[in-house]
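Spelled out from the first residue to the last, the chains are:
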Amino acid sequence: MNPARSILLAASRNAWLRDHAARHTFVRRAVSRFMPGEELSDALAAAQRLQNKNIGSIFTRLGENITDEAEARSVTAHYLEVLRSVREKQLDAEASVKLTQLGLDLSPELCYANLKTIIAQENPRRVVWIDMEASNYVDATLDLYRRALGEFPNVGVCLQAYLHRTKDDLASLLPLRPSIRLVKGAYSEPPEIAFPEKSRVDENYFSLAKEMLLAKKAEPKIHAAFGTHDVVLLRRILQFAAASGLPKTDVEVQMLYGIQSGEQERLARDGYRSKVLVSYGSHWYTWFMRRLAERPANLWFVARNLFHFR
């Protein structure tokens, strides 16, 4: 594993750094490059700006591993507010949740009840996305996803290309006509669970992407979304989609707010489904460090913008 990535992932788990980071203006300024603000109103305003450029949004409130039932229900109520606000403002926006936000660490039944409440209130033409967390949550996440998909066709799940198991997980899901967001992966995992080399992750991502696109061509109800900022990899995927005869509207690219904005706009202009994951909330430290760890070169991006280097 890249040493910088290892350091950043270790820092993401450091309680002292988490508690002190928010006190420093320069850290908060760096974070502002990747999220529009801590409040839902900030995310809604960002979504309106993106919509003006024909780019959709996916809202995710930061936080995970809730161990209080009342707090899990509060998160659920918050996402219901998100869906109401999206309807009222007529935004092209969806929601993405972590199951540990909804009480998975307390009880799978509690978590499912909260998840079901959210999905039931969403427009059936829009997807409620389930984020994938660390490898020890994959089985529970996929179990609840399959259960939800049996009741609601408009629920999607994230799969991580750096996990060895994902090829088999994808194969088991495709017959169910799922919605899948493919990402590389952002957690610290041992080599027996995840590919440690970036080149192996990239090739596995491309292989999985091809399977998703071919499945989409055979079954149009499958929803294939690709969460990556790797422009070289993305171009390979788009070229494969075109060669396979898939229309551009069948390919959805999901990127994070503040990263590759020019590419997000280019994809929208070119006719692809371009969406941006808009994160917000006060629990941003761990999320921010993982985003840096996904591509340690982002450290230079942050430094350049902090100190106005050109």
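Structure's up top.
Now for a look at the structure at hand. If you're wondering where the values come from, they're calculated on a predicted model, not measured in any experiment. (Residues numbered from 1 in each chain as written. Predicted model: local features only at pLDDT ≥ 70, side-chain atom pairs only at ≥ 80, totals over all residues. Heavy atoms only, no water.)

## Things to note about the pairing of strand β4 (residues 155-160)
And then number 1: The buried fraction of β4 amounts to six of the six residues, a majority that puts the element mostly inside the structure.
And then number 2: Pairing of strand β3 (residues 128-130) with β4, which is carried by three bridges, proceeds in the parallel orientation. From the neighbouring strand, I130 faces β4, where its bridge partner is V157.
And then number 3: Following the backbone out of β3, through helix α7 (residues 138-151) and into the adjacent parallel β4, one traces a crossover that is right-handed.
And then number 4: Here β4 runs beside strand β5 (residues 179-183); their pairing, made up of five bridges, is parallel. Across the sheet, G156 pairs through a bridge with S179, a residue of β5.
And then number 5: Handedness of the crossover is the feature at issue here: the chain leaves β4, passes through helix α8 (residues 166-173), returns alongside β5, and the resulting connection is right-handed. (Buried < 20%, exposed > 50% of the residue type's maximum accessible area, 1.4 Å probe, protein only. Helix = DSSP H or I, 4+ residues; strand = E, 2+ residues; numbered from the N terminus. Pairing = 2+ DSSP bridges. Right-handed = clockwise from strand over helix to strand, strands pointing away.)

## Topic: the sheet that holds strand β6 (residues 223-226)
And then number 1: Strands sit in the order β1-β2-β3-β4-β5-β6-β7-β8 around a closed barrel of eight strands; the barrel is parallel. In this sheet, adjacent strand axes meet at a mean angle of 30° when their direction is disregarded.
And then number 2: Sheet analysis places β5 next to β6, joined by four bridges and oriented parallel. The residue of β6 that forms the bridge with L182 is F226.
And then number 3: Where α8 meets the sheet, its contacts fall on β4 and β5, and the angle it forms with β4 comes to roughly 160°. (Axes fitted to C-alpha atoms, helices over the stretch in contact; angles between N-to-C directions. Contact = heavy atoms within 4.5 Å.)

## Digging into helix α11 (residues 261-269)
For an α-helix, the turn length of 3.6 residues means that residues three or four places apart are oriented alike.
And then number 1: Taken residue by residue, α11 has E263, Q264, L267 and A268 as its buried positions. In a view along the axis of α11, the buried residues occupy a sector of 140°, so they form one face of it. Of the exposed residues in α11, the ones pointing more than 90 degrees away from its buried face are G262 and R269.
And then number 2: At its buried positions, α11 is contacted by α10 (231-243), β7 (252-256) and β8 (273-280).
And then number 3: Backbone geometry just after α11 places G271 at a positive phi near 100°. (Arc of directions from axis to C-beta.)

## A few points about the nonpolar core
Most often, soluble globular proteins keep nonpolar side chains buried together rather than apart.
And then number 1: Ranked by size, the top nonpolar core spans 83 residues in total, and within it F59, L115, L182 and F226 carry the most contacts.
And then number 2: With eight residues, helix α9 (residues 198-218) is the single largest residue contributor to this core.
And then number 3: Setting aside residues up to four positions removed in sequence, L182 forms contacts with L159, A161, Y205, L208, A209, M212, A225, F226 and G227.
And then number 4: Counting eight residues, the second-largest nonpolar core is a separate cluster that includes F34, V127, W129 and L256. (Core = buried A, V, L, I, M, F, W, Y, C linked by side-chain atoms within 4.5 Å.)

## Observations regarding the packing of aromatic side chains
And then number 1: Using the criterion set out here, one finds one aromatic pair in the structure.
And then number 2: A cation over a ring is seen here: R147 above Y112, with NZ or CZ 4.0 Å from the ring centre.
And then number 3: The ring of F206 has R236 lying over it, and the distance from NZ or CZ to the ring centre is 3.9 Å. (Phe/Tyr/Trp six-rings, centres within 6.5 Å; stacked < 30°, edge-to-face > 60°. Lys NZ or Arg CZ within 6 Å of the ring centre and 35° of its normal.)

## What about the pairing of strand β2 (residues 93-97)?
And then number 1: Along β2, five of the five residues are buried, which leaves the element largely enclosed by surrounding structure.
And then number 2: Of the two faces of β2, the one holding A93, A95 and V97 and the one holding E94 and S96 are both buried throughout.
And then number 3: Of the pairings in the sheet, the one linking strand β1 (residues 56-61) to β2 comprises three bridges and is parallel in character. Considered in β2, the bridge of S57 is made with A93.
And then number 4: Crossover β1 to β2 through helix α5 (residues 69-89) is right-handed.
And then number 5: Judged from the three bridges that link them, β2 and β3 form a sheet pairing that is parallel. Counted as the bridge partner of A95 is V128 from β3.
And then number 6: Between the parallel pair β2 and β3, the chain is carried across by helix α6 (residues 108-121), and the sense of this crossover is right-handed.

## Observations regarding the packing of helix α4 (residues 40-51) against α5
And then number 1: Two elements in contact, α4 and α5, have axes separated by 11 Å at closest approach and are oriented at 35°. At the point where α4 passes α5, the crossing takes the right-handed sense. In contact with L40, L44 and Q48 of α4, α5 contributes H78, E81, V82, S85 and K89.
And then number 2: The class makeup of the residues in the contact of α4 with α5 is three nonpolar, three polar and two charged. (Left-handed = near helix turned anticlockwise from the far one by under 90°. Nonpolar A, V, L, I, M, F, W, Y, C, P; charged D, E, K, R; others polar.)

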